[in-house]
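# Understanding the architecture of this molecule
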Amino acid sequence: MNSFEVLSLSQGLNKARKKIDFKEQTPIQAKAIPLATEDKEILGSAQTGTGKKTASSVPIMEHMPP
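Rules of the game
- Residues numbered from 1 in each chain as written.
- Predicted model: local features only at pLDDT ≥ 70, side-chain atom pairs only at ≥ 80, totals over all residues.
- Heavy atoms only, no water.
- Core = buried A, V, L, I, M, F, W, Y, C linked by side-chain atoms within 4.5 Å.
- Buried < 20%, exposed > 50% of the residue type's maximum accessible area, 1.4 Å probe, protein only.
- Helix = DSSP H or I, 4+ residues; strand = E, 2+ residues; numbered from the N terminus.
- Contact = heavy atoms within 4.5 Å.
- Arc of directions from axis to C-beta.
- Axes fitted to C-alpha atoms, helices over the stretch in contact; angles between N-to-C directions.
- Parallel < 35°, antiparallel > 145°, perpendicular 65-115°, else oblique.
- Left-handed = near helix turned anticlockwise from the far one by under 90°.
- Nonpolar A, V, L, I, M, F, W, Y, C, P; charged D, E, K, R; others polar.
- 1 Å grid on protein atoms, 1.4 Å probe; cavity = no way out; pocket = protein on both sides within 12 Å on 5 of 7 lines; lining within 4 Å.
- Points joined across faces, edges and corners; volume = space filled by probe spheres on them.
- Patch = residues over 30% accessible without salt bridge, like charges linked within 9 Å, V, L, I, M, F, W, Y side chains within 5 Å.
- Areas by Shrake-Rupley, 256 points an atom, 1.4 Å probe, with all protein chains shown as cover.
- Salt bridge = Lys/Arg side-chain N within 4 Å of Asp/Glu carboxyl O.

The biggest cluster of nonpolar side chains holds eight residues, and these are F4, L7, L9, L13, A32, I33, A55 and V58. For this core, the secondary-structure elements that each account for two or more residues are helix 2 (27-37) and helix 3 (52-62). Residue contacts for L7: discarding those within four places in its chain leaves Q25, I33 and P34.

Here you go:
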């Protein structure tokens, strides 16, 4: 798994991530988040509970104004 630290997230998102103790990305997150932050379309499939919602919402939140 990859650390969330490698994503270079905004200061606010990193602060929130640390507050809820997200340290390591799941495989679906590690594959999807970098692509989505580059505005690429993604079609992913993974088991329930593997972090798909986080994988799709982190890039959205990254583009929101502070």
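Moving on, we get to helix 2. Every buried residue of helix 2 is listed here: I28, Q29, A32, I33 and A36. The arc that holds every buried residue of helix 2, seen down its axis, measures 105°, which confines them to one face. With respect to the buried face of helix 2, the exposed residues turned more than 90 degrees away are P27 and K31. Summarising the contacts, the buried residues of helix 2 are in contact with helix 3.

Here the focus is the environment of N2. For N2, the location among the structural elements is in the segment before helix 1 (11-19). Discounting residues that sit within four places of it in the chain, N2 has contacts with K23, E24, Q25 and A30.

On to the packing of helix 2 against helix 3. It is at 8 Å that the axes of helix 2 and helix 3 come closest, and there the two elements cross at 20°. One way to sum up the angle between helix 2 and helix 3 is to call them roughly parallel. At the point where helix 2 passes helix 3, the crossing takes the right-handed sense. Along the contact surface, helix 2 presents I28, Q29, A32, I33, A36 and T37, while helix 3 presents K52, T54, A55, V58 and P59. By residue class, the composition of the contact of helix 2 with helix 3 is seven nonpolar, three polar and one charged.

Right, let's get into the layout of surface pockets. By volume, the largest pocket is sized at about 160 Å³. I28, A32, A36, I42, G44, S45, K52, A55 and S56 together form the lining of the largest pocket. Those elements giving two or more residues to the lining of the largest pocket turn out to be helix 2 and helix 3. Residue classes in the lining of the largest pocket are distributed as five nonpolar, three polar and one charged.

Here we take up a nonpolar patch on the surface. On the surface, I60, M61 and M64 cluster together to form a nonpolar patch covering roughly 300 Å² of accessible area. If you trace the backbone, M61 turns up in helix 3. With a relative accessible area of 37%, M61 lands in the partly exposed category.

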